[in-house]
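# Examining the three-dimensional arrangement
Listed below are the residues making up each chain.
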Amino acid sequence: RVARLLSAMTVEEKIAQLGYNIRPCATMDVAKDYANGVGGCAVSSIADTIKMRKDLQKLTRLGIPPSIHGETTHSGGAANTTVFPMPCLQGATFNTTLVEEIAASNALQLRAAGG
């Protein structure tokens, strides 16, 4: 399946799959800016991310969805969630209860955002 997909892709589509969009999904104009697709993008809001993913699948020639990146090791992975210290700093506290509470909070916030 992968070999078939790669053989169907143009050079421009292959290059686009190497790209990563850091703009919020809500600002993306898929038909204009990403006609060849995009390899990945950051989460802005869950609703915007779902819309952008569907648009890419519908509006690009091969319908390849992007890889969605949401940083959840120290935040809820979406806009307006709490950002905690990076994991290396959490570990430096030697407080495993605190680290577990941060992870639980991140998971709760991501679920509340629709993830």
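Read on for an overview of the structure. (Residues numbered from 1 in each chain as written. Predicted model: local features only at pLDDT ≥ 70, side-chain atom pairs only at ≥ 80, totals over all residues. Heavy atoms only, no water.)

## Considering the pattern of salt bridges
Put simply, the rule reads: The term salt bridge refers to a side-chain nitrogen of Lys or Arg lying within 4 Å of a carboxyl oxygen of Asp or Glu. Labels follow the DSSP assignment, with helices taken as runs of H or I lasting at least four residues and strands as runs of E lasting at least two, numbered in each case from the N terminus. In this scheme, a residue with accessible area under 20% of its type's maximum is buried, one over 50% is exposed, and one in between is partly exposed, where area comes from a 1.4 Å probe on protein chains only.
Following the criterion strictly, the structure yields 2 salt bridges and no others. Here Arg61 and Glu13 are joined by a salt bridge, their closest N and O atoms 2.7 Å apart. Of this pair, Arg61 sits in the loop between helix 4 (46-59) and strand 3 (67-69) while Glu13 sits in helix 2 (residues 11-17); the two residues are 48 residues apart in sequence, bridging distant segments of the chain. On the accessibility criterion, Arg61 (51% relative accessible area) is exposed. Glu13 sits in the buried class, given a relative accessible area of 5%. Residue Lys51 pairs with Asp55 through a salt bridge whose shortest N-O separation is 2.6 Å. Residue Lys51 and its partner Asp55 are both found in helix 4; the two are separated by 4 residues, about one turn of the helix. With a relative accessible area of 53%, Lys51 lands in the exposed category.

## Let's talk about the nonpolar core
Which entries qualify depends on this criterion: Note on terminology: a nonpolar core comprises buried Ala, Val, Leu, Ile, Met, Phe, Trp, Tyr and Cys residues joined through side-chain atoms within 4.5 Å. Throughout, a contact is declared for two residues whenever any of their heavy atoms are within 4.5 Å.
Judged by nonpolar contacts, Met28, Val30, Tyr34, Val38, Cys41, Met52 and Leu56 together constitute the single largest core of 7 residues. Apart from the residues lying within four places of it in its own chain, the contact partners of Leu56 are Val30, Tyr34, Gly37, Val38, Gly63, Ile64 and Pro66.

## Examining unusual backbone geometry
In this structure, Phe94 takes a positive phi of about 55° despite not being glycine. Of the residues examined, Phe94 reaches a relative accessible area of 75% and is grouped as exposed.

Coordinates in, geometry out; function isn't part of it.
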